[in-house]
Amino acid sequence: MQAEFELGQVRVAPGTRRTVELPVSVMSDHTPVAMSAHVVHGRRPGPVMFVSAAIHGDEVIGAEIVRRLLRAAPLQRLSGTLIAVPIVNAFGFLNHSRYLPDRRDLNRCFPGHSEGSLAARLAHLFMTEVVTRCDVGIDLHSAAVGRTNLPQIRLTPGNDRLRTLGAAFAAPVTLTSKLRDGSLRGAAADAGVDLLLYEAGEGLRFDEFAARAGVAGCLRVMTELGMISGKGVPKARGTPVFCERSGWSRAPSGGLLRTLKASGDYVEDGTVLGLISDPFGEAETEVVATEPGIIIGRTNLPVVNEGDALFHIAVPRRAAQAEAAAQEMGAYLEAAPLFDEDEII
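My aim in this report is to walk through the structure given alongside it, one point at a time. (Residues numbered from 1 in each chain as written. Predicted model: local features only at pLDDT ≥ 70, side-chain atom pairs only at ≥ 80, totals over all residues. Heavy atoms only, no water.)

### Remarks on the pattern of salt bridges
- The final tally for this structure, using the stated rule, is 12 salt bridges.
- With a closest N to O distance of 3.4 Å, arginine 98 and glutamate 59 form a salt bridge. In this pair, arginine 98 sits in the loop between α2 (90-94) and α3 (118-129) while glutamate 59 sits in the loop between β5 (44-53) and α1 (61-70), placing the two residues 39 residues apart along the sequence.
- Overall, the relative accessible area of 23% leaves arginine 98 in the partly exposed class.
- According to the relative accessible area criterion, glutamate 59 is buried, its value standing at 2%. (Salt bridge = Lys/Arg side-chain N within 4 Å of Asp/Glu carboxyl O. Helix = DSSP H or I, 4+ residues; strand = E, 2+ residues; numbered from the N terminus. Buried < 20%, exposed > 50% of the residue type's maximum accessible area, 1.4 Å probe, protein only.)

What follows is the structure, encoded as structure tokens:
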């Protein structure tokens, strides 16, 4: 039996769970705002892990993943502690906005400051009350409004433990990605907390495949950490494609876009990804891939301007293996559902 877990001056006994309200601020109409964290505290000692979502307020798929995760049956036999924060940026969530009221991007304000801007204060609260209390975390994101992402894990280059946890998560694509100044990943790394970043789906939309892949991945990471047993945890379908870099194919001209390739498709150098036409159909321009890879994101908007990012292509480590990797990707996407939700609730 391990000791009680304290969060925000609330004590959670072993073998219990509780939602804790962490005060953030008071709005201009005197409405109090809090960040809600749900603590699942196991009876037996083990790692402390957090799962967070909606750092960008319009990325709602993460909140659904957290909801499903908290209902998963394997958590009933948890070792260690799980802190789940389905909505970090309540301001953006309520306003269907990526940003905070002052137009700041919360994911560029970490580690924050207790006496800084609203974004800095929220970042500081999340870091001090949640992130630094944990050994590892999973931060859930989606593409921006008007784009969609294939389920993928972003890893910090050179971190072997994250490489292992990313393999356990087993999203269709695993991509190494440099740390950005002010990001949660960067601040967590500075604090000695390993953080996986999950990208999937579209802003302000639910995507069933993205949700199921996210829940299954979180459970597999918890199994890898020894927090839960493998019983009731869905096994990975297919082999994730590991990529070390990615880039965007941009619109060579403005007009109306007709996409010819979808997320998860393999493309060769020279593959035509889409066609851009003027409204009269008198001129047509091809959008062409410049190297082989996997489409891991794309725009959903047919009206584009010159220079708009249209197709996000991840390049596998060895170009010669790209086509084989994509064939595995096709098998992954066409496989039976990742799990029956009734099996883990």
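### Describing the nonpolar core
- Of all hydrophobic cores here, the largest spans 39 residues; its most connected members are Met49 and Leu82.
- For this core, the element with the most residues is helix α6 (residues 208-224), which contributes eight residues.
- With sequence-adjacent residues up to four places away left out, methionine 49 is seen in contact with Thr81, Leu82, Ile83, Cys134, Val136, Ile138, Cys218, Val221, Met222, Leu225 and Met227.
- Listed in part, the 36 residues of the second largest apolar core include Phe5, Ala37, Leu125 and Val131. (Core = buried A, V, L, I, M, F, W, Y, C linked by side-chain atoms within 4.5 Å. Contact = heavy atoms within 4.5 Å.)

### A few points about unusual backbone geometry
- Residue proline 111 is bonded to the preceding phenylalanine 110 through a cis peptide linkage, with omega at 5 degrees.
- Counting through the fold element by element, proline 111 comes out in the loop between α2 and α3.
- Although it is not a glycine, histidine 30 adopts a positive phi angle of roughly 75 degrees.
- Residue placement: histidine 30 occurs in the loop between β3 (16-26) and β4 (32-41).

### Some remarks on the pairing of strand β7 (residues 136-141)
- In terms of burial, β7 is largely enclosed, as six of its six residues are buried.
- Of the two faces of β7, both are covered, the one formed by Val136, Ile138 and Leu140 as well as the one formed by Gly137, Asp139 and His141.
- Here β5 runs beside β7; their pairing, made up of five bridges, is parallel. For methionine 49, the partnering residue across the bridge sits in β7 and is valine 136.
- Two elements, β7 and strand β10 (residues 194-201), share six bridges in a ladder whose sense is parallel. Paired with glycine 137 across the bridge in β10 is leucine 195. (Pairing = 2+ DSSP bridges.)

### What about the pairing of strand β8 (residues 147-155)?
- Buried residues dominate β8, accounting for eight of its nine residues.
- Across three bridges, β8 lies against strand β16 (residues 293-299) in antiparallel orientation. Note that in β16 the partner of threonine 148 across the bridge is arginine 298.
- Taken together, the four bridges between β8 and β10 define a ladder with antiparallel strand orientation. Across the sheet, residue asparagine 149 finds its bridge partner in β10, namely glycine 201.
- Sheet topology places β8 next to strand β9 (residues 173-176); four bridges connect them, and they run parallel.

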